[in-house]
Amino acid sequence: MAAAIELIAAPWNLGLRPPTPGREPGTWQTPQALLSAGLEARLRPARVTQLDRPPYEFDAQPATLIRNGVTIREHTLRLGEAVRAALAASRFAVVLGGDCSILLGCLLGARRDGCCGLVHLDGHSDFRHPGNHDAGSSLGSAAGMDLALATGRGELLLTHWPEVGRPLVADEDVIQIGDREDEGTPPVNRFTAQEIQRIGIADLGTRVIGHLEQRGLDRVWLHVDLDVLDERVLPAVDSPGRPGLDFSQLARLISSLVGTGRVVGLDVAIYDPERDPDGVYAAPIVDCLASALAPLATMEAHA
């Protein structure tokens, strides 16, 4: 297990549609909102890396049918380098986004030192690609495609990467947890929100860890889209829904997975501070992450 945490702030919203005409999504504000709510003090990271906020464009960019596709590629390469550097320094990378397209940079950074599995916690499968929807009818949004892009489906712009090629992760090395719908079902191991209600968090953790062991995956990235939480506990996300986890269940699941020593880092996405004008939900998100990662923070404190 890594000896310390590195926080990487990735303040972008490139993968989301405008919530209203001419207005940018607010997820770029998430890193600062969580840091202001005490996340740095709670996790005691060895390092905090602040990436630049990329510009959001409302109009299509040349040679891509994906919104902000050219900019996403540019900043994915930068995020990938930041993640790679954190892992090379034997730190546990915690990437604060941002929208779900940050997953690409996280996996790219993790893959540069070898193959890496993916546990994808998300209230949606994020598996849109040209094989299951009309890619030419409107600009695609990478936040709804991140799992498809990560598994090599879609434009080469966001599926083929230096030193790695494609895909970033193989289908059989992905576990999708928490989606509420069957549209665009990915060909990966999957635990729906409804199934989690039936089997419980403890059994879910056991099954996920069993699959990682079976696949021999000793390097795994953990993607945490906070819309995996039930909208009754966290409505301040791009696409809230139910059923979903509560904060305690999410913390227990993350803790059990990180406790295996197989997880090299995680990213947190989709909380939108603009949908939380009174700042009600930042504190429970910080509490959840601090509880889940407490052993790592304790290791740093005694280092």
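Note that the structure is predicted; figures quoted are calculated from it, not measured.

Observations concerning the pattern of salt bridges
Then, in step 1: Summed over all chains, the structure comprises 18 salt bridges.
Then, in step 2: Two residues, arginine 112 and glutamate 81, come together in a salt bridge whose shortest N-O distance is 3.4 Å. Residue arginine 112 is found in the loop between helix 4 (102-111) and strand 4 (117-121), and its partner glutamate 81 is found in helix 3 (residues 69-88); the two are separated by 31 residues along the sequence.
Then, in step 3: The class of glutamate 81 is partly exposed, set by a relative accessible area of 35%.
Then, in step 4: Aspartate 272 is the partner of arginine 275 in a salt bridge, and the nearest nitrogen-oxygen pair spans 3.4 Å.
Then, in step 5: The exposure class of aspartate 272 is buried, given its relative accessible area of 6%.

Overview of the environment of glutamine 194
Then, in step 1: With respect to the element layout, glutamine 194 can be found in helix 6 (residues 193-199).
Then, in step 2: The exposure class of glutamine 194 is partly exposed, given its relative accessible area of 37%.
Then, in step 3: Not counting residues up to four positions away in its chain, the partners in contact with glutamine 194 are Asp179, Arg180 and Pro243.

So, the sheet that holds strand 6 (residues 189-191)
For sheets, the rule is that strands pair by backbone hydrogen bonds, running either parallel or antiparallel.
Then, in step 1: In spatial order, the strands read 2-1-3-8-7-4-5-6; together these eight strands make up an open sheet with parallel pairing. Looking at strand neighbours, the two that pair on one side only are strand 2 (47-50) and strand 6, the edges of this open sheet. Ignoring strand direction, the axes of neighbouring strands in this sheet form an average angle of 15 degrees.
Then, in step 2: Relative to strand 3 (residues 91-97), strand 1 (residues 4-10) is paired through seven bridges, and the arrangement is parallel. In the strand pairing of strand 3, isoleucine 8 is matched with valine 95.

Concerning the nonpolar core
Then, in step 1: The biggest cluster of nonpolar side chains holds 95 residues, and the ones touching the most others in it are Ile177, Trp221, Leu226, Leu250 and Leu293.
Then, in step 2: Apart from residues lying up to four places away in sequence, isoleucine 177 is in contact with Val119, His120, Leu121, Asp122, Phe191, Ile196, Leu204, Val208, Val228 and Leu253.

What to know about the state of the cysteines
Then, in step 1: This structure, assessed with the given rule, holds zero disulfides.
Then, in step 2: In this structure cysteine 100 is a free cysteine whose sulfur lies 11 Å from that of cysteine 106, the closest cysteine sulfur available.
Then, in step 3: We classify cysteine 100 as buried; its relative accessible area is 0%.

As for unusual backbone geometry
Then, in step 1: Of note, the bond from arginine 166 into proline 167 is cis; its omega dihedral lies within 30 degrees of zero at -5 degrees.
Then, in step 2: Tracing the sequence through the fold places proline 167 in the loop between helix 5 (146-150) and strand 5 (174-177).
Then, in step 3: Going from arginine 242 to proline 243, the amide bond is cis rather than trans, its omega being 0 degrees.
Then, in step 4: Mapped onto the elements, proline 243 comes out in the loop between strand 7 (220-225) and helix 8 (247-258).

Section: the side chain of histidine 124
Then, in step 1: Along the chain, the position of histidine 124 falls in the loop between strand 4 and helix 5.
Then, in step 2: There is a polar contact of 2.9 Å between the side chain of histidine 124 and the side chain of aspartate 227.
Then, in step 3: Not counting residues up to four positions away in its chain, the partners in contact with histidine 124 are Gln176, Asp179, Arg180, Glu181, Asp227 and Ser239.

Definitions and limits used
- Residues numbered from 1 in each chain as written.
- Predicted model: local features only at pLDDT ≥ 70, side-chain atom pairs only at ≥ 80, totals over all residues.
- Heavy atoms only, no water.
- Salt bridge = Lys/Arg side-chain N within 4 Å of Asp/Glu carboxyl O.
- Helix = DSSP H or I, 4+ residues; strand = E, 2+ residues; numbered from the N terminus.
- Buried < 20%, exposed > 50% of the residue type's maximum accessible area, 1.4 Å probe, protein only.
- Contact = heavy atoms within 4.5 Å.
- Pairing = 2+ DSSP bridges.
- Axes fitted to C-alpha atoms, helices over the stretch in contact; angles between N-to-C directions.
- Core = buried A, V, L, I, M, F, W, Y, C linked by side-chain atoms within 4.5 Å.
- Disulfide = S-S within 2.5 Å.
- Polar contact = N/O pair within 3.5 Å; in protein donor to acceptor, adjacent residues only side chain to side chain.

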